[in-house]
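The primary structure of each chain is shown beneath.
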Amino acid sequence: MRIETLAVHAGQAVDAETGAVTPPIHLSTTFERDADGGYRQGYVYSRYGNPNRSAVEGCLTALEGGAAAAAFASGSAATFALLQSLAPGDHVLVPTDAYFGTTKLLREVIGPWGLTWDAVDMTDLDAVAQAIRPNTRVVWVETPSNPLVRIVDIREIAALAHAASARCVCDNTWATPVLTRPLELGADLVMHSTTKYLGGHSDVLGGALIAREDDELFQRVRGVQTSGGLVPSPFECWLLLRGIRTVPWRMRAHSANALAVAHHLRTHPAVEAVHYPGLESHPGHQIAKRQMSAFGGMLSLQVRGGRDAALAMTARLQLFTRATSLGGSESLIEHRASVEGAGTMAPENLLRVSVGLENVEDLIEDLDQALGS
Ligand SMILES: *Cc1c(COP(=O)(O)O)cnc(C)c1O
């Protein structure tokens, strides 16, 4: 089955008991034991497993083409579970422009617990090869990245990781399995903040890890998920599954809108630079063309006149909401430098845009009036 069909059907079946076409939400935290001591469907207690979580995990496994998935209360909980499944003394390599919460988690929580880590520019393959150590267990890839929307070659990084007997984990939040297939490119695990495009409506927090093999590492991930209680609620799983049904079509529309906005802004006199992998001038364009089926809904722009001009521009926008996050139907714009604070890699005149599903002519007109043209 193709991805549009999987998004509608994987993990989703008519309810055998009632005939309900839309799945029921199972709020029960506990499940009856049979007279012989067994459990009818294998459910015991909802921290260990719940029908709504199983449904969403089954769907995510199918969408990424993996062997198993684990759903979490947030993307950060998924990252935490993966890192916590390694051992103190192990080494992890992350990109210098990893999602800032990933680096923060390493710096403030996982590092003090005993994991060692380094950040490296993943567009520089020699630098990655040099930074891998004998105790490197995970090479973490994130593409497209925040906030410069840089592209990393997953196939190349996975090969470098495997040559050192390390695993390659890919944060596929921005691309989704609709646009990029990390497991087919050699990654061992895929991580998602399902809060973003997979949920798709800015109304549910969630995360997931999907594994190519249901191996010993993934058993440990599941142990952290259930023993640590990093689990999403049944309603959150239900909302996520509802969002996933339309993700293949939404990604096409996000990508088409973002491409049109990027082309328009590229020649705008008030704009210094546009960062979007769909532009031929983008340094990662050739890799993106190979690795992605479309270029996604995220772009950033640098406004002429510095920080004040950038902030003033956002104040004039009517259709773009000034807010963090991404992947919902509404367009959002964000001044990343002030969100990330000290140590940010974001230029002061940079605005990150999550291009939504509005009519693109309306979006372009709004950007034009805010940029003052
Ligand atoms: C949002 C995001 C995360 C973190 O996910 P949460 O659901 O907010 O915990 C991780 N990686 C990327 C690329 C993200 O955009």
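Residues numbered from 1 in each chain as written. Predicted model: local features only at pLDDT ≥ 70, side-chain atom pairs only at ≥ 80, totals over all residues. Heavy atoms only, no water.

Colleague: Which residues make up the overall build of the protein, and what are the values?
Modeller: Counting its regular elements, the protein contains 14 helices and 12 strands. Relative to a compact globule of 373 residues, whose C-alpha radius of gyration would be 21 Å, the protein shows 21 Å and is just as compact. Buried residues in the protein amount to 53% of all 373 residues. Long-range pairs, those at least 24 residues apart, make up 71% of the contacts in the protein with a sequence separation of at least 6. If you sum the accessible surface of the protein, you get close to 15600 Å²; carbon and sulfur atoms cover 53% of it. (Helix = DSSP H or I, 4+ residues; strand = E, 2+ residues; numbered from the N terminus. Rg over C-alpha atoms; globule rule 2.2 N^0.38 Å. Buried < 20%, exposed > 50% of the residue type's maximum accessible area, 1.4 Å probe, protein only. Contact = heavy atoms within 4.5 Å. Areas by Shrake-Rupley, 256 points an atom, 1.4 Å probe, with all protein chains shown as cover.)

Colleague: Requested: an account of helix 12 (residues 306-316), with residues and values cited.
Modeller: All of the buried residues in helix 12 are A310, M313 and T314. End-on, the buried residues of helix 12 take up no more than an arc of 100 degrees, which puts them together on one face. Counted as exposed and oriented over 90 degrees from the buried face of helix 12: D308 and A315. Those residues of helix 12 that are buried are in contact with strand 9 (298-303), strand 10 (321-322), strand 11 (332-334), strand 12 (350-354) and helix 14 (360-371). (Arc of directions from axis to C-beta.)

Colleague: Quick rundown of the site of the ligand? Include the residues and the values.
Modeller: Of all residues adjacent to the ligand, which total 14 residues, the nearest are S76, D171, S193, T195 and K196. With respect to the ligand, the side chain of S76 contributes an N or O atom lying 2.7 Å from an oxygen atom. K196 is positioned with one of its side-chain polar atoms (N or O) 2.8 Å from an oxygen atom of the ligand. Its free accessible area being 380 Å², the ligand has 91% of it covered by the protein chains. At the level of elements, helix 3 (75-84) and strand 6 (189-193) are the ones that each hand at least two residues to the shell around the ligand. (Near = heavy atom within 4 Å. Polar contact = N/O pair within 3.5 Å; in protein donor to acceptor, adjacent residues only side chain to side chain.)

Colleague: Can you lay out the packing of helix 3 against helix 8 (residues 216-227) for me, pointing to particular residues and giving the numbers?
Modeller: What describes two packed helices is the angle between their axes and the distance between those same axes. Two elements in contact, helix 3 and helix 8, have axes whose closest approach is 8 Å; the angle formed by their N-to-C orientations is 125 degrees. Regarding the angle of helix 3 to helix 8, the classification is oblique. Between helix 3 and helix 8 lies a crossing of right-handed hand. Here A81, L82 and Q84 of helix 3 come into contact with helix 8, specifically with L217, V221 and V224. Looking at the contact of helix 3 with helix 8 residue by residue, the class counts come to five nonpolar, one polar and no charged. (Axes fitted to C-alpha atoms, helices over the stretch in contact; angles between N-to-C directions. Parallel < 35°, antiparallel > 145°, perpendicular 65-115°, else oblique. Left-handed = near helix turned anticlockwise from the far one by under 90°. Nonpolar A, V, L, I, M, F, W, Y, C, P; charged D, E, K, R; others polar.)

Colleague: Summarise the state of the cysteines; cite the residues concerned and give the values.
Modeller: Inspection of every chain in the model, using the stated rule, returns zero disulfides. Summary of cysteine pairing: C59 is not part of a disulfide, and the nearest cysteine sulfur, belonging to C237, is at 12 Å. Note on C170: no disulfide assigned, nearest cysteine sulfur contributed by C168 at a separation of 6.5 Å. C170 gets classed as buried once you look at its relative accessible area, which sits at 0%. (Disulfide = S-S within 2.5 Å.)

Colleague: Can you explain the packing of aromatic side chains? Please cite residues and give values.
Modeller: Counted under the stated rule, the structure contains five aromatic pairs. Both rings, one in F31 and one in Y43, keep their centres 5.5 Å apart while their planes meet at 35 degrees; by these two values the pair is tilted. Taken together, the residues span a long stretch of sequence, with F31 in the loop between helix 1 (3-9) and helix 2 (51-64) and Y43 in the loop between helix 1 and helix 2 at a distance of 12 residues. Residue Y43 is classed as buried on the basis of its relative accessible area, which comes to 17%. Considering the side-chain rings of Y99 and F100, the 5.7 Å spacing of their centres and the 65 degrees angle between planes classify their relative orientation as edge-to-face. On the basis of relative accessible area, F100 is assigned to the partly exposed category, the value being 28%. The ring of Y48 has R47 sitting right over it, with the charged end atom 5.2 Å from the ring centre. We note R252 situated over the ring of W249; from NZ or CZ to the ring centre the distance is 4.3 Å. (Phe/Tyr/Trp six-rings, centres within 6.5 Å; stacked < 30°, edge-to-face > 60°. Lys NZ or Arg CZ within 6 Å of the ring centre and 35° of its normal.)

Colleague: If you had to explain the side chain of H282 to someone new, which residues and values would you point to?
Modeller: Within the secondary structure, H282 is located in the loop between strand 8 (271-275) and helix 11 (285-291). Under the relative-accessibility criterion, H282 is labelled buried at 9%. Here G284 takes part through its backbone nitrogen, which lies 2.8 Å from a polar atom of the side chain of H282. For H282, the contacting residues outside a window of four places in its chain are L148, V149, R150, I151, H275, Y276 and P277.

Colleague: Lay out the pairing of strand 9 with the relevant residues and their values.
Modeller: Most of strand 9 is tucked away, with six of its six residues classed as buried. Of the strand pairs in this sheet, strand 9 and strand 12 are connected by five bridges, and their pairing is antiparallel. In the strand pairing of strand 12, M298 is matched with S354. (Pairing = 2+ DSSP bridges.)

Colleague: Requested: an account of the nonpolar core, with residues and values cited.
Modeller: The biggest cluster of nonpolar side chains holds 61 residues, and the ones touching the most others in it are L63, I244, V261, L265, L299, L301 and M313. For L299, the contacting residues outside a window of four places in its chain are V149, A258, V261, A262, L265, H275, Y276, L351, R352, V353 and V355. Core analysis: the second largest hydrophobic core is formed by 27 residues, L82, L105, W140 and V221 among them. (Core = buried A, V, L, I, M, F, W, Y, C linked by side-chain atoms within 4.5 Å.)

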